[in-house]
Amino acid sequence: MQSITTSSYAVHFNQRAYDALNVHLSNKAYSKIFILVDENTHENCLPAFMSQIQGDYDFEIIEIESGEENKNIETCTGVWSALSELDGDRKSIVLNLGGGVLTDLGGFVASTFKRGIDFINVPTTLLSMVDASVGGKTGVDLGPLKNQIGVINQPEMVLIITSFLKTLEERQLRSGFAEMLKHGLIQSNAYWETLKKVTDFLHIDDLIYDSVVIKNEVVRQDPTEQHLRKILNYGHTLGHAIESYFLESKIHKTLLHGEAIGIGMILEAYLSKELLGLSDVELADIKATFLSHYEKVSFTKEDITTILSLLKFDKKNSHGNINFVLISAIGKPEIDIQIPDVLYQDAFAYYAEQ
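Residues numbered from 1 in each chain as written. Predicted model: local features only at pLDDT ≥ 70, side-chain atom pairs only at ≥ 80, totals over all residues. Heavy atoms only, no water.

1. Side note on unusual backbone geometry
Most peptide bonds take the trans form, and the phi angle of most residues other than glycine is negative. In this model, A29 sits at a positive phi of 55°, which is unusual for a non-glycine residue. Locating A29 in the fold gives a position in the loop between α1 (14-28) and β3 (33-38). Phi at D336 is positive, roughly 55°, even though this residue is not glycine. Position of D336 among the secondary structure elements: in strand β11 (residues 332-337). (Helix = DSSP H or I, 4+ residues; strand = E, 2+ residues; numbered from the N terminus.)

2. Concerning the layout of surface pockets
Quantified by volume, the second largest pocket comes out at close to 270 Å³. Along its surface, the second largest pocket is lined by 14 residues, and K253, L255, E259, E295 and V297 are the ones closest to its centre. Residue assignment for the lining of the second largest pocket shows that the elements contributing at least two residues are α7 (170-187) and α11 (257-276). (1 Å grid on protein atoms, 1.4 Å probe; cavity = no way out; pocket = protein on both sides within 12 Å on 5 of 7 lines; lining within 4 Å. Points joined across faces, edges and corners; volume = space filled by probe spheres on them.)

3. A word on helix α14 (residues 341-352)
Along α14, the residues classified as buried are L343, Y344, A347, F348, Y350 and Y351. Viewed end-on, α14 has its buried residues packed into an arc of 155°, placing them on one side of the element. Against the buried residues of α14 lie α10 (236-248), α11, α12 (280-293), α13 (301-309) and β10 (324-329). (Buried < 20%, exposed > 50% of the residue type's maximum accessible area, 1.4 Å probe, protein only. Arc of directions from axis to C-beta. Contact = heavy atoms within 4.5 Å.)

4. Things to note about the environment of C76
By the secondary structure assignment, C76 is in helix α4 (residues 73-85). In this view, C76 contacts L105, F108, V109 and V140; residues no more than four positions away in its chain are not counted.

5. Comments concerning the packing of α13 against α14
Where α13 contacts α14, the two axes come as close as 11 Å, and the packing angle between them is 130°. Classed by the angle they form, the pair α13 and α14 counts as oblique. Of the two elements, α13 crosses α14, and the hand of that crossing is right-handed. Contacts between α13 and α14 involve I304, I307 and L308 from the former and Y344, Q345 and F348 from the latter. Classifying every residue of the contact of α13 with α14 by side-chain character gives 5 nonpolar, 1 polar and no charged. (Axes fitted to C-alpha atoms, helices over the stretch in contact; angles between N-to-C directions. Parallel < 35°, antiparallel > 145°, perpendicular 65-115°, else oblique. Left-handed = near helix turned anticlockwise from the far one by under 90°. Nonpolar A, V, L, I, M, F, W, Y, C, P; charged D, E, K, R; others polar.)

6. Topic: the packing of aromatic side chains
Scanning all chains against the criterion turns up 13 aromatic pairs. For the pair F13 and Y209, a centre-to-centre distance of 5.2 Å together with 45° between the ring planes defines the contact as tilted. In this pair, F13 is assigned in strand β2 (residues 10-13) and Y209 in helix α9 (residues 205-221), connecting sequence segments 196 residues apart. Overall, F13 belongs to the buried group, its relative accessible area being 2%. With a centroid separation of 5.9 Å and 90° between ring planes, the pair formed by F246 and F299 is classed as edge-to-face. (Phe/Tyr/Trp six-rings, centres within 6.5 Å; stacked < 30°, edge-to-face > 60°.)

7. Some remarks on empty space enclosed by the protein
A complete count under the given rule lists 2 cavities of 30 Å³ or more for this structure. Here the largest cavity is characterised by a volume of approximately 110 Å³. What lines the largest cavity is a set of 12 residues, among which H240, A241, L310, F313 and D314 lie closest to the centre. Taken together, the elements giving at least two residues each to the lining of the largest cavity come down to β8 (145-152) and α10. With 4 residues, α10 is the largest single contributor of residues to the lining of the largest cavity.

Laid out in structure tokens, this is it:
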């Protein structure tokens, strides 16, 4: 599988990834190599990863707790302190071995430690392989509010090793698949149709590659999200609000990112029908496809009111406007759409219909 070249780095796959890493480490002569893991990747991924590194290097392993609830400044402070105590300097590098929470946070920590040191992302979940680790977005949450603090800064490279997917439970794989479905909805009806046939999430290397190509092409044209890159947020305006609400809720089970944005994509497809003329056929197809993968969630009126109150914190907002990405047809997105308030309730009502 060929590497994918971005504007400033490359995405390498499987054995090519290890080969590229070994060449990079040999050439750069880092003062110290830090590997950031969580308790899951420490046990399930680190031994296999380390076994492929050639050469005598000074490694330090830093472990954080997994989960979106730990993607915060407090965790960053712990990692910054560890880097400092372990004699990290400006010639050090951080290898982020984990899912989207870890690569987002690890990239932010590296980008700000000593005003910026090198980092490499090694995504271990399907979600991080096709989304979080690619594009240079780093950062953490502010309380329950998603990704409010961060910078756009590119890694030295991204290493996608698909064998790590075998360490995941089915629910995590499905969560990542939601981002792939999104890539079809915003870029390619043909890709959408191909993804609808997928039943085995462990043998989709070619589709992972296709999703990285789609995301890379969008980011290449708009690296700092001034215009086109906003299309990658389809489903995320309401989806992030739902994810934040369930993260803080004392009575609801926390939703994974893909589960929340899957709901967001159904809701925003309904809004697309009302405002951009998305066809009834395509709307029904989108709803049926997501509900075939993700369990339907019930929302009370109070839930919806609180979720809608969180929309004002969305990163795409400007000048007091809540800006949505909608689709006029599968594969045809439009950005910066404002929604009449009355349609939100209608969208949730459509989602709740049998």
